[in-house]
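Structural overview
Letter by letter, the chains look like this.
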Amino acid sequence: MDAVLLQGIANGLSLGLCYALIAIGFTLIFGVLNAVNFAHSEVYMLGAFAGLVIIQAFAPPFMAVVFLVAAVGAFLGFGLERIAFRPLRRARDEASLKSRALREATLMSSLAVGILVRELAELRFGGDMQPIPSGAMLNTPIAVGPVILTTGDFYIFGMAAAMLLLLQFLLYRTKIGLSIRALSDDLIGALYVGINTDRVIVWTFMIGSSFGALAGLMVGLYYGTIFPYMGFAPTLKAFIAMLMGGLNNIPGAVLCALLIGLSESLAPEIMPTRWVDLIAYVFLLVTLIFFPAGIFGRKAERV
Amino acid sequence: MTALEVRDLHLPIGGQEILKGVNVTVAADGIVCILGANGVGKTTLMRTIGGVYRGAQGTVRVDGVDITNLPSHEIVRAGVSQAPEGRHIFGSMTVEENLRIGAISRPPGELRESIDRVCGLFPILRERLRQKGGSLSGGEQQMLCIGRALMARPKLLMLDEPSLGLAPMVVRTIFGLLQDIRGSGTAILLVEQNASAALRIADYAYVMEGGRVSFEGAPEALKADERIVAAYLGGQSQRHRAPDDDARA
């Protein structure tokens with residue numbers, strides 16, 4: 001394999017892992033509530049801004065920034081659930097918990113909260129790219145054979161691997177993870193066996209949002225692009241990865257996110273760069289037409 | 001001692017009163033069944049007791065403790081479990097995980113012993129511990145559903161149509177086990193369309209009509225009432241024509 005190809009694969013994996021971290025948050029929340037959280041892109045954006053503010057104020061070691069941003073993300077998830085989701089979930093019977101009306105209402109409320117937050121961020125920080133302190137950028141080049149990686153690539157690989165392991169541990173080894181999986185399997189069943197569903201939903205938002213916020217931090221410091229609208233494009237691609245993976249399927253979403261990242265990174269070899277953003281939409285169309293249940297979806301799901 | 005005491009329970013849903021003053025009592029070691037046609041409020045009564053539907057007037061006491069309108073997770077904690085209509089087991093999770101979730105309100109130290117107890121009652125579940133819940137047969141899923149409810153070590157177990165869709169043999173097995181469960185100190189409240197099977201194990205029964213209890217008494221009293229026999233037990237003559245009627249009813 002030639003160096004250009006290897007370089008493309010390395011870059012694509014970094015990009016794909018960032019999409020994957022965003023997609024995990026989407027998928028967790030979708031799994032539990034059957035609703036799309038359209039404010040997820042703003043959690044991602046605020047994660048990047050929180051990291052930037054923390055770095056500008058204290059310049060703490062990188063790992064400290066990571067933990068603080070994860071905490072900010074969890075806090076945002078907590079608030080978001082309280083503001084945009086819980087008030088619409090007052091009735092607890094089967095019909096209303098699964099109703100289309102509830103899904104559509106939370107879709108609108110989360111979209112509204114997202115728009116509000118984005119505009120507030122623009123008021124406070126302006127719409128332009130933020131200057132990032134030079135020491136904070138994760139772009140020190142490191143040559144690995146013929147391929148030039150950066151510190152950011154290593155951080156993203158390491159962080160994504162750690163977080164996927166952590167997620168696996170959470171979902172399969174802890175009580176709260178067991179409850180999250182029960183809720184996404186059968187919400188009504190979870191209610192019947194005595195799971196405190198409201199509490200589990202809050203936890204899901206906190207976990208999913210801290211993943212989203214960390215993805216924002218990594219992308220912001222890796223590509224140097226922190227601005228109020230930064231969440232839109234990557235979150236859309238993560239959303240497509242979730243759809244491709246089969247909606248309620250975390251490994252599927254991660255694989256599809258990697259696929260999108262790799263394709264976008266390798267595509268400029270064979271097509272004009274400005275077409276690259278179309279790739280995800282082509283994937284989306286192909287999925288919706290030929291795999292309506294997602295590439296890894298087991299059964300037909302409601303979209 | 002009473003495991004469950006429901007007094008004058010009313011439940012409005014969307015401006016319509018579904019329960020119109022229900023009184024039901026279950027003794028600490030009792031099996032009580034509720035009969036009635038579709039849509040008279042039997043399932044609603046269970047869901048209201050279990051805290052799935054809230055906003056009721058009246059009182060529900062378990063072991064003397066008022067649990068009216070508490071959220072469902074606190075009601076499970078207070079000692080009421082249910083095997084709901086439609087089972088709602090977690091199909092993508094293993095049998096063991098299903099059981100572990102059933103014990104989510106209990107201290108983790110009890111887990112092994114509880115699983116052993118439930119698998120003692122339903123030996124087939126022990127063989128299936130590592131299988132996905134969704135891969136079980138209908139009867140096994142019903143056993144898992146009951147086993148999951150027992151993992152919370154309830155004082156009262158409520159079952160909604162446990163015989164639905166099951167072969168007569170399996171129904172007989174499950175109803176036999178309900179008597180063992182009662183013997184181990186858990187009272188049972190049973191909603192059942194299969195009236196004759198239910199009356200065989202019950203020691204008291206209620207008949208509901210239009211959101212109210214219209215008749216109550218020991219099984220013998222129900223079997224002696226011509227109107228009830230005609231409406232819920234198929235009547236004498238019909239039974240001769242369809243011998244397995246009580247399994248399907």
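Residues numbered from 1 in each chain as written. Chains lettered and ligands numbered in written order. Predicted model: local features only at pLDDT ≥ 70, side-chain atom pairs only at ≥ 80, totals over all residues.

Named according to an unreviewed UniProt entry, chain B is ABC transporter ATP-binding protein originating from Vineibacter terrae. UniProt lists a comment for chain B under the heading Sequence similarities (unreviewed entry), and it reads "Belongs to the ABC transporter superfamily." (UniProt positions renumbered as here; feature names shortened; annotations may be inferred.)

1. Examining the overall build of chain A
A count of helices and strands for chain A gives 12 helices and 2 strands. Listing every helix and strand of chain A by position from the N terminus yields α-α-α-α-α-β-β-α-α-α-α-α-α-α. Computed over C-alpha atoms, the radius of gyration of chain A comes to 19 Å, within 12% of the 19 Å expected from 2.2 N^0.38 for 303 residues, which places it in the range of a compact globule. Principal-axis analysis of the C-alpha atoms gives chain A an extent of 60 × 45 × 35 Å. Taking all 303 residues of chain A together, the buried fraction comes to 48%. (Helix = DSSP H or I, 4+ residues; strand = E, 2+ residues; numbered from the N terminus. Rg over C-alpha atoms; globule rule 2.2 N^0.38 Å. Buried ≥ 20, exposed ≤ 12 C-beta atoms within 10 Å, placed from the backbone.)

2. Details of the packing of helix α10 (residues 232–245) of chain A against helix α11 (residues 250–266) of chain A
Residues and elements named next belong to chain A. Viewed as axis vectors pointing N to C, α10 and α11 meet at an angle of 125 degrees, and their least axial separation amounts to 7 Å. Compared by their axis directions, α10 and α11 come out oblique. Between α10 and α11 the crossing geometry is right-handed. Here α10 contributes Lys-237, Ala-238, Ile-240, Ala-241, Met-242, Met-244 and Gly-245 to the contact with α11, which in turn contributes Gly-252, Ala-253, Leu-255, Cys-256, Ala-257 and Ile-260. Residues belonging to the contact of α10 with α11 are distributed by class as follows: 10 nonpolar, 2 polar and 1 charged. (Axes fitted to C-alpha atoms, helices over the stretch in contact; angles between N-to-C directions. Parallel < 35°, antiparallel > 145°, perpendicular 65-115°, else oblique. Left-handed = near helix turned anticlockwise from the far one by under 90°. Contact = placed C-beta atoms within 7 Å. Nonpolar A, V, L, I, M, F, W, Y, C, P; charged D, E, K, R; others polar.)

3. Remarks on the domain arrangement of chain B
Residue and element names in this part refer to chain B. Taken domain by domain, chain B comprises domain 1 (2–79 + 156–248) and domain 2 (89–153). If you average the C-alpha positions of domain 1 and of domain 2, the two centres end up 23 Å apart. Residue assignment for the side of domain 1 that touches domain 2 shows that the elements contributing at least two residues are α2 (72–78), β7 (156–160) and α7 (168–183). A total of 5 residues in the side of domain 1 that touches domain 2 trace back to one element, the largest contributor, which is α7. Partitioning the side of domain 1 that touches domain 2 into residue classes produces 9 nonpolar, 2 polar and 2 charged. (Domains from an automatic or database assignment.)

4. Structural notes on helix α1 (residues 42–49) of chain B
In terms of residue burial, α1 of chain B counts as a mostly covered element, since 8 of its 8 residues are buried. All of the buried residues in α1 of chain B are Lys-42, Thr-43, Thr-44, Leu-45, Met-46, Arg-47, Thr-48 and Ile-49 of chain B.

5. A short note on the interface of chain B and chain A
Facing 24 residues of chain B, the contacting portion of chain A comprises 17 residues. Residue classes in the side of chain B that touches chain A are distributed as 10 nonpolar, 9 polar and 5 charged.

6. Things to note about the sheet that holds strand β8 (residues 187–191) of chain B
Two strands in a sheet stick together by hydrogen bonds in their backbones, pointing the same way (parallel) or opposite ways (antiparallel). Residue and element names in this part refer to chain B. The sheet built from 6 strands is open, its strands ordered β6-β7-β8-β3-β9-β10 with mixed pairing. Edge positions in the sheet fall to β6 (80–83) and β10 (212–217), since each of these pairs with one other strand and no more. Averaged over neighbouring strand pairs, the angle between their axes works out to 20 degrees when direction is ignored. Two elements, β6 and β7, share 4 bridges in a ladder whose sense is parallel. (Pairing = 2+ DSSP bridges.)

7. Comments concerning the sheet that holds strand β4 (residues 57–62) of chain B
Residues and elements named next belong to chain B. The 4 strands are arranged β2-β1-β4-β5 in an open sheet whose pairing can be described as antiparallel. The sheet is open, and its two borders are formed by β2 (16–27) and β5 (65–66), each paired with just one other strand. Where β4 meets β5, 2 bridges bridge the pair, whose relative direction is antiparallel. Considered in β5, the bridge of Val-62 is made with Val-65. Contacts between α1 and the sheet are confined to β1 (2–13), β2 and β4, with β2 contributing the most and set at about 70 degrees to the helix.

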